Amino acid sequence: MAVESFQASRWTRGNFLFPTVIEVTDTAVIRRKRSWLSRDEISIALPKVASVHVKTGLIWADILIESSGGTDPLASHGHKKGDAQRIRELVETYQATQANRGVASQQG
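Residues numbered from 1 in each chain as written. Predicted model: local features only at pLDDT ≥ 70, side-chain atom pairs only at ≥ 80, totals over all residues. Heavy atoms only, no water.

Caption draft 1: Molecular detail of the sheet that holds strand β7 (residues 74–80). The three strands are arranged β5-β6-β7 in an open sheet whose pairing can be described as antiparallel. Every interior strand has two partners, whereas the edge strands, β5 (49–56) and β7, have only one. When the angles between neighbouring strand axes are averaged without regard to direction, this sheet yields 20°. (Pairing = 2+ DSSP bridges. Helix = DSSP H or I, 4+ residues; strand = E, 2+ residues; numbered from the N terminus. Axes fitted to C-alpha atoms, helices over the stretch in contact; angles between N-to-C directions.)

Next comes the structure, spelled out in structure tokens:
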């Protein structure tokens, strides 16, 4: 799977100069948030994703990705609705693929 990157809108709170970026790779979901002198990065391995919560508003969507590992959830706001749905779709597709592999390996 290719890396897909989703940037929050600069028109939303906290994203004007340094918008939040969420990347979905073949191994993890990563949120990157920059500021003037630092960079905050949080990642959750795809097998450890417990849920993806998408809250849509009139224009923008908020995303909350929770981990089954007990760490803080990955939260981001100000994304396009389509981007938020795509993030959830990528995570769910990965999880369905892994579940199908587990069933196939148990049968074979």
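Structure shown, so let's carry the discussion forward.
Caption draft 2: The arrangement of the nonpolar core in detail. Counting 18 residues, the largest nonpolar core has V29, V49, I65 and I87 as the members making the most contacts within it. Of all the elements in the fold, those that place two or more residues in this core are β2 (21–24), β5, β6 (60–67) and α1 (81–107). Of all the elements, α1 adds the most residues to this core, at five residues. Leaving out residues up to four positions away in the same chain, V29 has contacts with I22, E23, I42, S43, I44, L46, I65, L74 and V91. (Core = buried A, V, L, I, M, F, W, Y, C linked by side-chain atoms within 4.5 Å. Buried < 20%, exposed > 50% of the residue type's maximum accessible area, 1.4 Å probe, protein only. Contact = heavy atoms within 4.5 Å.)

Caption draft 3: Representation of the packing of aromatic side chains. One pass over the full model with this rule turns up one aromatic pair. A ring pair is formed by F18 and W36, whose centres lie 5.3 Å apart and whose planes are at 85°; its orientation type is edge-to-face. Of this pair, F18 sits in the loop between β1 (4–7) and β2 while W36 sits in the loop between β3 (28–34) and β4 (39–45); the two residues are 18 residues apart in sequence, bridging distant segments of the chain. The class of F18 is buried, set by a relative accessible area of 18%. (Phe/Tyr/Trp six-rings, centres within 6.5 Å; stacked < 30°, edge-to-face > 60°.)

Caption draft 4: A look at the sheet that holds β3. Strand order across the open sheet formed by four strands is β1-β2-β3-β4, with antiparallel pairing between neighbours. Two strands lie at the open edges of the sheet, namely β1 and β4, each paired on one side alone. In this sheet, adjacent strand axes meet at a mean angle of 15° when their direction is disregarded.

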